[in-house]
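# Chains, contacts and geometry: an overview
Chain residues, written in single-letter form:
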Amino acid sequence: MTREAREALLSVEGLGIAFGGLKAVNDVSFTVRPGEIVSVIGPNGAGKTTLFNMISGVYLPGMGKVKLMGEEVTAMAPHLLARRGMSRTFQNLQIFQSMTVLENAVTGYHLTERGPVLADLLGLPSSRRRARASEEGARRLLARVGLERAAEREAGNLSYGSLKRLEIARALALNPKILLLDEPAAGCNAVETEEIDHLIAEVAASGVAILLVEHDMKMVMRVSNHIVVLDHGEKIAEGDPATVSRNPAVIAAYLGAENADG
Ligand SMILES: Nc1ncnc2c1ncn2[C@@H]1O[C@H](COP(=O)(O)OP(=O)(O)OP(=O)(O)O)[C@@H](O)[C@H]1O
């Protein structure tokens, strides 16, 4: 079945934003289907992170719409998006370094709670039951990302690759339909990158759609089903990895960026 034949989980429609006079992202549209790994690539400053921040409710777009399962969610607060099935990780790790790995994973369960705070303060049975369920879920997630044996360790002592996997585990606690990953392999060595590759592929195989921003081009080409290319805020190409990597406009954008850097 072609990708167009499957219903879109996420639709980005004509999204744009300007900072001062600079059109950081201009009229960008694409879709993500269930179980698909879609990557957004482009030279430095192309607008990838800005696009991500608009999709995930961090920035208010100046134009366009974001739809999740057909419903408009443009500029919806991140915790509300999470409740509707969109979770994300950040380029800079958002891990509590002095907490244990398990405690970090447990926090993933509480991101969307309205907070029956009184029940928790009073230590009521309902709150103890919830805490037990979160801990069991967190342990399952740690096993899924290969960190079950590190559960009781302080997160600050983990390798960089393990921290990245912990962040993905935490985002999975909300049982998302789509997971946005902002540079999941940044700062990782080749072995750690490969572990993250496998994890992303496993998560996608379980039916969760993945939207990825990543600089590691080898990784992008290995894991993506579909690639969207940005340059100077505009979408200049999209397609499968082989098609995109042969596209003259894409090659020119990367060569141009290299020349500008050099
Ligand atoms: N908050 C902001 N205020 C002003 N300009 C911004 C802001 N955020 C991004 N920009 C500008 O918008 C453009 C796109 O930036 P963005 O960080 O989205 O690119 P990127 O593709 O993620 O880059 P990189 O690959 O370096 O992470 C750049 O010219 C950047 O300087």
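Here is what the cut-offs are and how they apply
- Residues numbered from 1 in each chain as written.
- Predicted model: local features only at pLDDT ≥ 70, side-chain atom pairs only at ≥ 80, totals over all residues.
- Helix = DSSP H or I, 4+ residues; strand = E, 2+ residues; numbered from the N terminus.
- Buried ≥ 20, exposed ≤ 12 C-beta atoms within 10 Å, placed from the backbone.
- Near = placed C-beta within 6 Å.
- Nonpolar A, V, L, I, M, F, W, Y, C, P; charged D, E, K, R; others polar.
- Pairing = 2+ DSSP bridges.
- Core = buried A, V, L, I, M, F, W, Y, C linked by C-beta atoms within 7 Å.
- Contact = placed C-beta atoms within 7 Å.
- Axes fitted to C-alpha atoms, helices over the stretch in contact; angles between N-to-C directions.

As annotated in an unreviewed UniProt entry, the protein chain is ABC transporter ATP-binding protein from Ruixingdingia sedimenti.

This brings us to unusual backbone geometry. The backbone phi angle of Asn175 is positive, close to 55°, even though this residue is not glycine. With respect to the helices and strands, Asn175 occurs in the loop between helix H6 (160–172) and strand E7 (178–182). Asn175 gets classed as exposed once you count the C-beta atoms within 10 Å, which come to 11. Its identity is not glycine, yet His232 carries a phi of approximately 45°, on the positive side. Looking at the secondary structure, you find His232 in the loop between strand E9 (226–231) and strand E10 (234–239).

Our focus in this paragraph is the site of the ligand. Neighbouring the ligand are the residues Phe19, Leu22, Ala24, Gly42, Asn44, Gly45, Ala46, Gly47, Lys48, Thr49 and Thr50. For the shell around the ligand, the secondary structure elements donating two or more residues are strand E2 (22–32) and helix H1 (48–55). Classifying every residue of the shell around the ligand gives 4 nonpolar, 6 polar and 1 charged.

This part takes up the sheet that holds strand E5 (residues 71–72). As summarised here, the arrangement of the 4 strands in space is E2-E1-E4-E5, forming an open sheet in which the pairing is antiparallel. At either end of the open sheet lies a strand with only one pairing partner, and these are E2 and E5.

Within the largest apolar cluster, 72 residues are counted, with the highest numbers of intra-cluster contacts made by Leu51, Ala105, Leu142, Ala169, Ile178, Ile210 and Leu211. Top element by residues in this core is H6. It accounts for 6 residues. Non-local contacts of Leu142, meaning those with residues more than four positions away in its chain, are made with Val101, Leu102, Ala105, Leu147, Glu148, Ala151 and Ala169.

Okay, the sheet that holds strand E3 (residues 37–41) next. Sheet architecture is open: 6 strands sit in the order E6-E7-E8-E3-E9-E10, paired in mixed fashion. Two strands close off the open sheet at either side, each with one partner strand: strand E6 (86–88) and E10. Averaged over all adjacent pairs, the angle separating strand axes in this sheet is 15°, with direction ignored. Judged from the 5 bridges that link them, E9 and E10 form a sheet pairing that is antiparallel. Its bridge partner being in E10, Asp231 is matched across the sheet by Glu234. Packed onto the sheet, H1 meets E3, E7, strand E8 (209–213) and E9 and runs at close to 150° relative to E7.

Here strand E1 (residues 10–19) runs beside strand E4 (residues 63–68); their pairing, made up of 5 bridges, is antiparallel. In the sheet register, Glu13 faces E4, and the bridge partner there is Lys65. In the sheet, E4 pairs with E5 via 2 bridges, with the strands oriented antiparallel. When the sheet's bridge partners are listed, Leu68 is paired in E5 with Glu71. The hairpin formed by E4 and E5 contains 2 residues between the paired strands, and Met69 there has a positive phi angle of roughly 50°.

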